[in-house]
Amino acid sequence: MNTFSKGIARINNMNWSKSGSVDDPSHMALLQEYIRRAALLITSYELNTSYPFFKASQALGYEANSCIAEKCPALGELKNNFIKGTCEAYLEWLLLIDSGNEVALKFHDLYEPLILLIEKGGTIRRQHGEIITGGYAFPLATAEYMSKQEPIDISDAGLRAQANQ
């Protein structure tokens, strides 16, 4: 099974009824790790795109695949544009991975922290230059700064440790 098919199954198996209803401190670790990964991609390839939330495949010049809507019909029903857009960006990225794109292969886990956050019932919102999730606010730093940060352990054990800090 290719990564796109696994991603489709993962999105289709999400419990959308709990989406956005869980506020856990570990969500901030997931957010920060995604932002670090996005910053590293943007600075490594000097991409001209919105930061930190963007469709990486489009930033690299690849057009979206229209089959996502038919393979994940629940996405069309979502009212939260952030969650919907993140899932679409994730699936488009998986298509690029499956095509053998070197950048996508190198950053294969780019969207993993955000997908985990969504699976755990979390959501993200922006307010006054900060990003808020898990009951915490994170001031958005530059991509250059974030690309130099140490990775965050987003395994179950690592997230439990983050939540207990």
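Residues numbered from 1 in each chain as written. Predicted model: local features only at pLDDT ≥ 70, side-chain atom pairs only at ≥ 80, totals over all residues. Heavy atoms only, no water.

Enquirer: Just checking my understanding: could you explain the pattern of salt bridges for this structure?
Expert: Where charged atoms from two side chains of opposite charge approach closely, those side chains can pair. According to the stated counting rule, one finds eight salt bridges in the structure shown. Across the salt bridge formed by arginine 37 and glutamate 33, the nearest N and O atoms sit 2.8 Å from each other. Of this pair, arginine 37 and glutamate 33 both sit in helix H2 (residues 26-45), four residues apart, which is roughly one turn of the helix. In this structure, arginine 37 and glutamate 33 share a single accessibility class: buried. In this structure, glutamate 92 engages lysine 55 in a salt bridge whose closest nitrogen and oxygen atoms are separated by 3.5 Å. Taken together, the residues glutamate 92 in helix H6 (residues 81-98) and lysine 55 in the loop between H2 and helix H3 (56-59) connect sequence positions 37 residues apart. On the basis of relative accessibility, which here comes to 7%, the residue glutamate 92 falls in the buried class. Here lysine 55 falls in the partly exposed class, since its relative accessible area comes to 22%. (Salt bridge = Lys/Arg side-chain N within 4 Å of Asp/Glu carboxyl O. Helix = DSSP H or I, 4+ residues; strand = E, 2+ residues; numbered from the N terminus. Buried < 20%, exposed > 50% of the residue type's maximum accessible area, 1.4 Å probe, protein only.)

Enquirer: Explanation requested: the packing of aromatic side chains in the structure shown.
Expert: To describe a pair of aromatic rings, one takes the distance between the centres and the angle between the planes. Counted under the stated rule, the structure contains five aromatic pairs. Ring centres 5.8 Å apart and planes at 5 degrees place the aromatic pair tyrosine 34 and phenylalanine 53 in the stacked group. Of the two residues, tyrosine 34 is situated in helix H2 and phenylalanine 53 in the loop between H2 and H3; the sequence distance between them amounts to 19 residues. Taken individually, tyrosine 34 and phenylalanine 53 each receive the classification buried, so the pair is uniform in this respect. Ring plane angle 75 degrees and centroid distance 6.1 Å describe the contact between tyrosine 45 and phenylalanine 107, whose orientation is recorded as edge-to-face. Linking tyrosine 45 in helix H2 with phenylalanine 107 in the loop between helix H7 (102-106) and helix H8 (112-119), this pair joins segments that are 62 residues apart in sequence. Overall, the relative accessible area of 33% leaves tyrosine 45 in the partly exposed class. A relative accessible area of 7% places phenylalanine 107 in the buried class. An aromatic cluster of three or more residues is present, and its members are Tyr34, Phe53, Phe82, Trp93 and Tyr111. (Phe/Tyr/Trp six-rings, centres within 6.5 Å; stacked < 30°, edge-to-face > 60°.)

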